[in-house]
Amino acid sequence: MTLCYEGANCETDINECTEEPCENGECFERSDPSYWESDWELTFADLAGYICHCHPGFAGENCSVNIDECESEPCQNGATCEDQINAYTCELCEENIDECESQPCENGGWCEDGRASYSCHCPEAEAGQVPWGGLHCHVKLYGCVDHQCMNGAFCQPWLEEGQHGHTCLCPHGFYDDHCSTRTTFSFSTPGFMLLHAVPAESDHGELEHHVHPGFGVQLQFRTTIPNMLVFFRGDADSHLLLEIVNGGLQAKAFSEESEMNVRFTGLVSDGDWRGVHVFLDEDALVLVLKGSGCDRDGCKVTDVGVDGPFHPSESFSQVYIEDQRPELGCSKVDWCEADPCYGHGHCVDLWSSYQCDCFRPFYGKNCSHDSTKQLIFLELTVPWKELMDEGNEMIHDKYQELLPLPAHPEGSPGVPRPVERHSLSNVSWVFPGVSYRRDMP
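Conventions we followed
Residues numbered from 1 in each chain as written. Predicted model: local features only at pLDDT ≥ 70, side-chain atom pairs only at ≥ 80, totals over all residues. Heavy atoms only, no water. 1 Å grid on protein atoms, 1.4 Å probe; cavity = no way out; pocket = protein on both sides within 12 Å on 5 of 7 lines; lining within 4 Å. Points joined across faces, edges and corners; volume = space filled by probe spheres on them. Helix = DSSP H or I, 4+ residues; strand = E, 2+ residues; numbered from the N terminus. pLDDT = per-residue confidence, 0-100. Contact = heavy atoms within 4.5 Å. Disulfide = S-S within 2.5 Å. Buried < 20%, exposed > 50% of the residue type's maximum accessible area, 1.4 Å probe, protein only. Phe/Tyr/Trp six-rings, centres within 6.5 Å; stacked < 30°, edge-to-face > 60°. Pairing = 2+ DSSP bridges. Axes fitted to C-alpha atoms, helices over the stretch in contact; angles between N-to-C directions. Core = buried A, V, L, I, M, F, W, Y, C linked by side-chain atoms within 4.5 Å. Salt bridge = Lys/Arg side-chain N within 4 Å of Asp/Glu carboxyl O. UniProt positions renumbered as here; feature names shortened; annotations may be inferred. Lys, Arg positive; Asp, Glu negative; His and termini not counted.

(A) Molecular detail of the layout of surface pockets. Within this model, the second largest pocket holds a volume of roughly 480 Å³. In terms of lining residues, the second largest pocket is bounded by 19 residues, among which A125, P131, F154, C155 and P157 are the most central. Counting only elements with at least two residues in the lining of the second largest pocket, the list comes to β11 (132–133) and β13 (154–160). For the lining of the second largest pocket, the leading source of residues is β13, giving four residues.

What follows is the structure, given as structure tokens:
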């Protein structure tokens, strides 16, 4: 406990600055009223002790720490930095020597100059040739000769302590030393696939994960379907789910005690690969999305539960993924590339098929039918005079949803022209796409 007063009745203020506690700075006594503002509300605890205002170049409670100005390595070209008080000096600064001037790289390698060093970047080998490696691109790398990398993996040769070897760089959907194990599945039929996820537990009965301590699901996906369920973990009473709604991504966590929702509104149903991680962490639902439209750290959306802690049930060992017959790999046909709608509609890629949203007046699966090229004949049972009197207005009111009436060159705008057929008693009233016929009296 710090004492700031003394005397029989604690009436004498102790000046803590009399002992000069600030080594490289000026001491200010907290209880000195000249440092106060008139509207401050202070307690005795606020008035105890002192404050040190350090001289430039020093820090710490008592200004005892000399700031190292050389810590940021300000000297260049190999010079040595010497720290001073609120300053530094660089010694033995010499002109930078270009180590690449001697052209140390061989066999077409290019040299990159560094600080008192250099690096050789070896050229790529032509098809069927062994690449060059080593410090000066002077050693042939035989590690990829007769390599066993599979499924289109890239073989990267290396040389360590005189031993040749290689590393298989796997494409998306494969892993292991030879890229032979598939990790990608396609789902194209209705239904669900059930996975049993039994998490490993620590000695304290808590879930262990390298990113978070709670329940979650992490995966990569790509799709063109704007509305679908990605996964469902749990049961009706307690679950965690991820779904695509109108092209955006939405995660929900539900239990009897709590309900949380997070949503990423950007488009994710454009066919590009994306990584998603959904998890429950410290009573919060977190969605992290990586891929197009997000920075290096990903797009992160969080919802903190206000109803109470989330307690998953034993059903969280069940993970449902939409589909019942998964296919190995992720082959995809670009259904809209060939323009199956013939330019008469908007093509919607449904992953395993397509849909044409036709522009008027086209219709059909491929928008190949034109409704304006068809004639519909309707028999009118009204007297001829009544038809002539009411004429265009009656027909327009009854069939205006089919097509608007155009202007006609031989009549007033919107009025049809009678067209004689083989019989003089038969007259057709013709509009684009619709024909109304009445026998002459």
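(B) Main features of the confidence of the model for the protein. Here the protein averages 76 in pLDDT, while 69% of its residues score no lower than 70. Below a pLDDT of 50 lies the segment residues 200–210, which in the model reaches 11 contacts outside its immediate sequence neighbourhood of four places, other chains included. This model gives residues 398–441 a pLDDT under 50, and the stretch forms 94 contacts once residues within four places in sequence are excluded.

(C) Representation of the state of the cysteines. Tallied over the full model, the rule gives 15 disulfides. With a sulfur-sulfur separation of 1.8 Å, C22 is cross-linked through a disulfide to C52. Here the S-S torsion is close to -90°, and the disulfide linking C22 with C52 is therefore left-handed. In this pair, C22 is assigned in the loop between β2 (12–13) and β3 (25–29) and C52 in strand β4 (residues 50–54), connecting sequence segments 30 residues apart. According to the relative accessible area criterion, C52 is buried, its value standing at 14%. Across the disulfide, C100 is cross-linked to C111 (sulfur-sulfur distance 1.9 Å). Note on the C100 and C111 pair: the S-S dihedral is about -75°, so by sign convention the disulfide is left-handed. You can see C100 sitting in the loop between β8 (87–91) and β9 (110–114) and its partner C111 sitting in strand β9, a full 11 residues away along the chain.

(D) Focus on the environment of E256. The topology assignment puts E256 in the loop between β22 (248–254) and β23 (259–264). Placed 54 residues apart in sequence, E256 and F310 show a C-alpha to C-alpha distance of 8.4 Å.

(E) Summary view of the packing of aromatic side chains. Within the structure shown, the criterion is met by one aromatic pair. Ring geometry for W335 and Y354: centres 6.4 Å apart, planes at 35°, overall tilted. With W335 in the loop between β28 (327–328) and β29 (345–349) and Y354 in strand β30 (residues 354–358), this residue pair connects regions lying 19 residues apart in the sequence.

(F) Broad picture of the sheet that holds strand β26 (residues 299–304). Judged by pairing direction, the sheet is antiparallel, and its four strands sit side by side in the order β19-β24-β25-β26 without closing on themselves. The outermost strands of the open sheet, each flanked by one partner alone, are β19 (216–221) and β26. The average undirected angle you get between the axes of adjacent strands in this sheet is 10°. Across seven bridges, the pairing between strand β24 (residues 274–280) and strand β25 (residues 284–291) is antiparallel. Each bridged residue has a counterpart across the sheet, and for R274 the counterpart in β25 is G291.

(G) Representation of the nonpolar core in the model. Among the nonpolar cores identified, the biggest contains 26 residues, and F231, L242, L249, V278, L285, L287 and L289 are the most heavily contacted of them. Looking at this core, the elements with two or more residues in it are β19, β20 (228–234), β21 (239–245), β22, β23, β24, β25 and β27 (318–322). Not counting chain neighbours up to four residues away, the residues in contact with L242 comprise L229, V230, F231, L249, Q250, A251, V276, V278 and L287.

(H) Structural context of the pattern of salt bridges. Going through the model one piece at a time under the given rule, you end up with two salt bridges. One salt bridge connects D270 with R274, and the closest N-O pair in it is separated by 2.7 Å.

(I) Structural view of the UniProt feature "domain: EGF-like" (unreviewed entry) in the protein. With numbering aligned to this structure, UniProt lists the feature "domain: EGF-like" (unreviewed entry) at residues 13–64, 66–94, 96–138, 140–180 and 332–368. The span residues 332–368 is 0% helix and 32% strand, and its two end C-alpha atoms sit 25 Å from each other.

(J) Fine view of the side chain of H239. Within the secondary structure, H239 sits in strand β21. Judged by its relative accessible area of 12%, H239 falls in the buried class. What H239 contacts, discounting residues up to four positions off in sequence, is F232, R233, G234, K252, A253, F254, F310 and F316.

(K) Structural view of unusual backbone geometry. With an omega of 5°, the peptide bond running from R360 to P361 counts as cis. Along the chain, the position of P361 falls in the loop between β30 and β31 (362–363). A positive phi angle is found at N107, which is not glycine, with a value near 55°. When you line up the elements, N107 lands in the loop between β8 and β9. Owing to a relative accessible area of 35%, N107 belongs among the partly exposed residues under this scheme.

(L) Region of the structure containing the side chain of E29. Secondary-structure assignment places E29 in strand β3. Comment: no salt bridge for buried E29; closest opposite-charge side chain is R30, at 10 Å. Not counting residues within four places of it along the chain, the set of residues in contact with E29 comprises D13, I14, N15, E16, C17, Y35 and G49.

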